[in-house]
Structure formats: structure tokens, C-alpha cells
Amino acid sequence: MDPTGSMVVDIGGGTTDVATISLGGIVSSTSIRQAGDKFNNAIINYIHSNFNLLIGERTAEDIKIQIGSASVEKAKEIESMNIRGRDLVTGLPKSIDVEAVDIAKAIQDVVQDIIVAIKETLEQTSPEIAADVIDHGIVLTGGGALLKNLPEVISEATKVPVFIAQDPLDCVAIGTGESLKNIEVMRRSRK
Ligand SMILES: Nc1ncnc2c1ncn2[C@@H]1O[C@H](COP(=O)(O)OP(=O)(O)OP(=O)(O)O)[C@@H](O)[C@H]1O
Ligand SMILES: [Mg+2]
């Protein structure tokens, strides 16, 4: 409810929702269908076209969580990972090593789309709100916020400090519960 502006970026499975907030209401917002699932798709496609190997959704998810990095540069510090899938040539199971750098490159388009959405939302806000966001930083929520090196990459691109919310996977549910305790205030702020 503060009169200062803040920005929240919620990176879920299906969508990334970006909003600047002030006085308990949304000032500007964007929602794009680029989030966790698209990271997984990009990983599946990369493994398919470069290794002729078919992997499932769960393997893609494991790869993303274990070695996925929003930064190609920082991915050099992450060890490779052994994964299993079905060889599309022989039809048989096969295991290969994938490099974190290659996975980081494979998911770059999605990372960049998220950054563009954040920049556009910042551009739509008043200079005062933008100045507040520069002072207080951007808060990331949702499971996608846990992608390695994502805060640094967003911060570098926007020149704004970026933080991960406490409990990024649960904070939306916790916050909804909190807001229900103040339902009267919420009603007033919607008018
Ligand atoms: N450590 C991690 N690194 C990267 N991604 C992660 C990590 N942990 C979870 N995720 C991803 O976070 C996403 C789920 O996040 P969340 O629970 O916030 O989404 P959701 O609220 O169900 O989706 P939406 O908001 O789009 O409806 C999944 O794509 C999951 O793969
Ligand atoms: Mg969500």
C-alpha cells in the first residue's frame, strides 16, 4: 500500500507476469507466455537437434534445475550432466553428457523475451515509479526465479538491482492469504 513504486516479476510454468505496483494497485503490467515450460521445450529441442536424442519433460526439468543457467558466461563454471534418452536413429536408450554452456545458449531466447517484457513494463511507467524501482529493485517470484544466474542477468540488462523473493515458489499463495486478511483494504484499493 506504500506510495512508492515497486516491480514484481512472477516467472511461473506457463506465463511470466510483470507488474509495477504503487498504492496497492497495478500501475503497468505485461504477461507473456514465456516461462518455465518454454525453458523445458527449448532444452528438449536442443537435445533433439544436436544429439538425435529424444528426452521427456521430466528429464528436461531435471537438466534445467541442475545445470540450467540464464548466463552463458557463468554456465562455464557449472559441470556437465549425464542424461538418458532414446536415440532417434537406433531407437535404443542412450546416455550422453550435456554441457551447461550449451543448455544456457538453448534457453537464451526465452531469457531475452523475459528481459524485453521487463524493459517494456518499466518504459510504460512514470519516471517517478521507475525511479522508485531503481531504488528498491525488482523482486522475482515463481519457480522460474530459481533459474541459476537469472537475477544477475536481468540486473545487467535493466541496470536495476534484482532480488529473489523469500519462498519464491509459495509466496504468491502466502501473499494471497495475507491479502484476504485485509480484504476491506483490497476492496477499497480496487475502486
Ligand atoms: N530450481 C529451479 N530452477 C529453474 N526453474 C525451476 C526451479 N524450480 C522450479 N522451477 C520451474 O518453475 C515453474 C513452476 O513455477 P510456479 O510454481 O511459480 O508456476 P505456476 O504458478 O504453477 O505457473 P503459472 O504462474 O504460469 O500459472 C516450473 O516451470 C518449474 O520447472
Ligand atoms: Mg504462478
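Refer to the preceding data block for the structure.
Summary of the structure given here. Because the structure is a prediction, the values reported are computed rather than measured.

All right, on to the overall build of the protein chain then. Assigned secondary structure in the protein chain consists of nine helices and eight strands. Oriented by its inertia axes, the alpha-carbon framework of the protein chain measures out at about 65 × 30 × 25 Å. Classification of the 191 residues of the protein chain by burial places 41% in the buried group. Long-range pairs, those at least 24 residues apart, make up 58% of the contacts in the protein chain between residues at least 6 apart in sequence. Carbon together with sulfur atoms contributes 52% to the accessible area of the protein chain, which is approximately 10,600 Å² in total.

Counting 47 residues, the largest nonpolar core has Ile47, Ile55, Ile63, Ile83, Val111, Ile118 and Ile138 as the members making the most contacts within it. Here this core takes seven residues from helix α5 (residues 108-123), the largest share from any one element. Looking at which domains feed residues into this core, each of domain 1 (6-25 + 108-190) and domain 2 (36-106) gives three or more. Apart from residues no more than four positions distant in its own chain, Ile55 is found in contact with Ile43, Ile44, Ile47, Ala60, Ile63, Ile83, Arg84 and Gly85.

By volume, the largest pocket is sized at about 850 Å³. For the lining of the largest pocket, the secondary structure elements donating two or more residues are β1 (6-11), β2 (16-22), β3 (25-32), β7 (138-141) and α8 (171-181). Here the lining of the largest pocket takes six residues from α8, the largest share from any one element. A breakdown of the residues in the lining of the largest pocket according to their chemical character gives twelve nonpolar, eleven polar and four charged. Considered as a void within the structure, the second largest pocket measures approximately 260 Å³ in volume. Counting only elements with at least two residues in the lining of the second largest pocket, the list comes to α1 (36-51) and α2 (57-67). Per-class residue counts for the lining of the second largest pocket are five nonpolar, five polar and four charged. When we break the lining of the second largest pocket down by domain, the ones giving at least three residues each are domain 1 (6-25 + 108-190) and domain 2 (36-106).

Criteria and thresholds
- Residues numbered from 1 in each chain as written.
- Chains lettered and ligands numbered in written order.
- Predicted model: local features only at pLDDT ≥ 70, side-chain atom pairs only at ≥ 80, totals over all residues.
- Heavy atoms only, no water.
- Helix = DSSP H or I, 4+ residues; strand = E, 2+ residues; numbered from the N terminus.
- Buried < 20%, exposed > 50% of the residue type's maximum accessible area, 1.4 Å probe, protein only.
- Contact = heavy atoms within 4.5 Å.
- Areas by Shrake-Rupley, 256 points an atom, 1.4 Å probe, with all protein chains shown as cover.
- Core = buried A, V, L, I, M, F, W, Y, C linked by side-chain atoms within 4.5 Å.
- Domains from an automatic or database assignment.
- 1 Å grid on protein atoms, 1.4 Å probe; cavity = no way out; pocket = protein on both sides within 12 Å on 5 of 7 lines; lining within 4 Å.
- Points joined across faces, edges and corners; volume = space filled by probe spheres on them.
- Nonpolar A, V, L, I, M, F, W, Y, C, P; charged D, E, K, R; others polar.

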